[in-house]
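# Structure assessment
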Amino acid sequence: MAILGTTMKALVLRRHGGLDDLELLADHPRPRALPGHVVIRVRASSFNYHDVFTVRGMPGIKVPFPVVIGLDMAGEISEVGPDVAGWGVGERVLVNPVNRKKGLMGEMLDGGMAEYCLVAADQLISIPEGVRFEDAASLPVAYGTAHRMLVTHDTVHNGERVLILGASGGVGTGCVILARHLGAEVIACTSSAQKMQALKDMGASEVLNVNDVDFSRWAVEKYGKPQRRSHEGGVDVLINFTGGDTWVPSLRCVKRGGKVLVCGATAGYDPKEDLRYIWSFELKIIGSNSFYDEDLRALMRLIAEGRFKPAIDRVLPLEEAREGLRLIQDREVIGKVVVTP
Ligand SMILES: NC(=O)c1ccc[n+]([C@@H]2O[C@H](COP(=O)([O-])OP(=O)(O)OC[C@H]3O[C@@H](n4cnc5c(N)ncnc54)[C@H](OP(=O)(O)O)[C@@H]3O)[C@@H](O)[C@H]2O)c1
């Protein structure tokens, strides 16, 4: 890539391993706009659990090193390349991190944890007035996915009981806020007293600490055992992106005809299965992957109208970005960690 003597600060991953393999460079080559692309001055970027997986390495994904990490970003266009129509310098944009040709930004090509980023023009979404860079940058991977899973797929409705595992994280807080927005009653499962309080403040009717309480038994005691011959007992919807040991207990507390929504598997993608629950209770297992521009536009509209606010745990400078990812890795955040390069 053409460098022209210009450099920038960037958080770069050189090899798979741990957080120590992330390096903050002050002299990383600054990108120049290629045909069909723009360069954005990144004003805010946010971390996801996906970044932890990128650092560790995931089976089947061959990351081209060195790579600037960070999937989510928002900023201003600083340079417009040839063959780009409809975008101008200074425009405020959110980036959909899915690049149609190469895959995910921050993984298969440079991402948002840097001062500048090269972005294909078809990945840009205009940020409406009244939406801050920090809020926009917290949306795509976590809240966009939650929006697709609950709203676009039309899975959660007014008055339903929705149990959410891992409720304090990015996708989790997105699910809590959106389920409340849709009029559902939320049971938020998390892992500390502090997170319980934060989730109560977000509107959850019930909060459980999964270190002290078996969520599945709790739900059966509270709402009754799901019945095979009626729609009594259990919860209407259970949201599980944790996988692992939580999978079978999840199936046991959903009412007949209820839904289990899945978009990830933080604690293991090949859990023990118990098919009896799926057929006996006519459960619907609904997968959801990723997010589309419509999800991100809809969320930004809600923010601009004052009807939705992303949960941002903290905003850090690029110099402290690595600590931000550690907080996510060690489950010490409520919502999103935003970085302002
Ligand atoms: N398919 C897609 O398009 C898509 C998009 C986004 C995310 N995802 C996936 O969804 C999952 C959540 O992503 P995220 O960015 O929201 O992550 P996150 O912000 O780190 O939140 C995950 C939450 O799960 C809980 N958790 C973390 N590690 C755990 C473990 N080992 N065992 C049990 N619970 C654990 C924690 O909540 P508590 O402390 O409250 O329990 C944590 O806050 C990830 O697996 C991610 O890969 C998939």
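Residues numbered from 1 in each chain as written. Predicted model: local features only at pLDDT ≥ 70, side-chain atom pairs only at ≥ 80, totals over all residues.

### Some points on the overall build of the protein
Looking only at helices and strands, the protein features ten helices and 18 strands. Its C-alpha atoms give the protein a radius of gyration of 21 Å, within 12% of the compact-globule value 20 Å for 341 residues. Along the first, second and third principal axes, the C-alpha set of the protein runs to 70 × 40 × 35 Å. Taking all 341 residues of the protein together, the buried fraction comes to 48%. Considering only residue pairs separated by 6 or more positions, the protein has 69% of its internal contacts joining residues 24 or more positions apart. (Helix = DSSP H or I, 4+ residues; strand = E, 2+ residues; numbered from the N terminus. Rg over C-alpha atoms; globule rule 2.2 N^0.38 Å. Buried ≥ 20, exposed ≤ 12 C-beta atoms within 10 Å, placed from the backbone. Contact = placed C-beta atoms within 7 Å.)

### Quick look at the pairing of strand β16 (residues 284–287)
Where strand β15 (residues 254–262) lies against β16, four bridges are found, and the strand directions are parallel. Directly across from Lys-259, in β16, lies its bridge partner Lys-284. Handedness of the crossover joining β15 and β16 through helix α8 (residues 275–280): right-handed. (Pairing = 2+ DSSP bridges. Right-handed = clockwise from strand over helix to strand, strands pointing away.)

### Comments concerning the site of the ligand
Close to the ligand lie 27 residues, the nearest being Tyr-49, Gly-166, Gly-169, Thr-190 and Gly-264. Elements with a minimum of two residues in the shell around the ligand: α1 (49–56), α3 (139–152) and α4 (170–181). The residue inventory of the shell around the ligand, partitioned by class, reads ten nonpolar, 15 polar and two charged. (Near = placed C-beta within 6 Å. Nonpolar A, V, L, I, M, F, W, Y, C, P; charged D, E, K, R; others polar.)

### A closer look at the domain arrangement of the protein
Domain annotation for the protein reports domain 1 (7–138 + 310–340) and domain 2 (142–287). Here the residues of the side of domain 1 that touches domain 2 sort into four nonpolar, three polar and two charged. (Domains from an automatic or database assignment.)

### Observations concerning the packing of α3 against helix α9 (residues 293–304)
Running from N to C, α3 and α9 cross one another at 95°; their axes reach a closest spacing of 9 Å. Put simply, α3 runs roughly perpendicular to α9. Side by side, α3 and α9 meet where Leu-139, Pro-140, Tyr-143, Gly-144, His-147, Arg-148 and Thr-152 of the first sit next to Asp-295, Leu-296, Ala-298 and Leu-299 of the second. A class-by-class count of the residues in the contact of α3 with α9 yields six nonpolar, three polar and two charged. (Axes fitted to C-alpha atoms, helices over the stretch in contact; angles between N-to-C directions. Parallel < 35°, antiparallel > 145°, perpendicular 65-115°, else oblique.)

### Some thoughts on the sheet that holds β16
Ordered by their spatial adjacency, six strands build an open sheet running β13-β12-β11-β14-β15-β16, and the pairing between neighbours is parallel. Only two strands of the sheet have a single partner each, and these edge strands are β13 (206–209) and β16. Each strand axis lies, on average, 20° off the axis of its neighbour in the sheet, ignoring direction. In the packing of helix α6 (residues 215–223) onto the sheet, contacts are made with β11 (161–164), β12 (185–190), β13 and β14 (235–239), and the angle to β11 comes to roughly 165°.

### Describing the nonpolar core
The nonpolar side chains of a soluble globular protein tend to be buried, and buried together. Counting residues in hydrophobic clusters, the biggest one holds 104 residues, and the most contacted among them are Ala-74, Val-162, Ile-164, Val-176, Ile-187 and Ala-188. The leading source of residues in this core is α3, at seven residues. Leaving out residues up to four positions away in the same chain, Ile-164 has contacts with Gly-172, Cys-175, Val-176, Val-186, Ala-188, Cys-189 and Ile-239. (Core = buried A, V, L, I, M, F, W, Y, C linked by C-beta atoms within 7 Å.)

### Things to note about the sheet that holds strand β4 (residues 67–68)
With antiparallel pairing, three strands are arranged side by side in an open sheet as β2-β1-β4. At either end of the open sheet lies a strand with only one pairing partner, and these are β2 (22–29) and β4.

### Section: the pairing of β14
The element β14 is extensively covered by neighbouring structure, given that five of its five residues are classed as buried. Running through helix α7 (residues 247–252), the crossover from β14 to the neighbouring parallel element β15 is right-handed.

### Some points on the packing of α1 against helix α10 (residues 321–329)
Following both chains from N to C, one finds α1 and α10 inclined at 100°, their axes separated by 9 Å at the closest point. As far as their axial angle goes, α10 and α1 are roughly perpendicular. On α10, the residues that touch Tyr-49, Asp-51 and Val-52 of α1 are Leu-325, Ile-328 and Gln-329. Among the residues forming the contact of α1 with α10, the class breakdown is four nonpolar, one polar and one charged.

### Focus: α9
Helix length check: α9, at twelve residues, gives a terminal C-alpha distance of 16 Å against a target of 16 Å (1.5 Å per residue), a fit within 8%. Residues of α9 that are buried include every one of Asp-295, Leu-296, Leu-299, Met-300 and Ile-303, and no others. All buried residues of α9 fall inside an arc of 130° around its axis, so they share one side. Buried residues belonging to α9 abut β6 (92–95), β10 (124–126), α2 (133–137) and α3. Note on α9: the residue one or two positions beyond its end, Gly-306, has a positive phi of about 75°. (Expected span 1.5 Å × (residues − 1). Arc of directions from axis to C-beta.)

### Considering the environment of Glu-305
Examined against the element boundaries, Glu-305 turns out to sit in the loop between α9 and β17 (312–317). When the C-alpha positions of Glu-305 and Gly-130 are compared, they lie 8.3 Å apart, and in sequence the two are 175 residues distant.

### What about α4?
Spanning twelve residues, α4 covers 17 Å between terminal C-alpha atoms, matching the ideal 16 Å at 1.5 Å per step. Of all the twelve residues making up α4, ten are buried; the element is thus mostly covered by neighbouring parts of the structure. Along α4, the residues that are buried comprise Gly-170, Val-171, Gly-172, Thr-173, Gly-174, Cys-175, Val-176, Ile-177, Leu-178 and Ala-179. In the core, the buried residues of α4 are packed alongside α3, β11, β12, α5 (193–201), β14 and β18 (336–340). Phi turns positive, to about 90°, at Gly-183, one or two residues after α4.

### Topic: the environment of Ser-192
You can see Ser-192 is positioned in the loop between β12 and α5. Its 15 C-beta neighbours within 10 Å are what place Ser-192 among the partly exposed residues. Separated by 20 residues in the primary sequence, Ser-192 and Asp-212 have C-alpha atoms spaced 9.4 Å apart.

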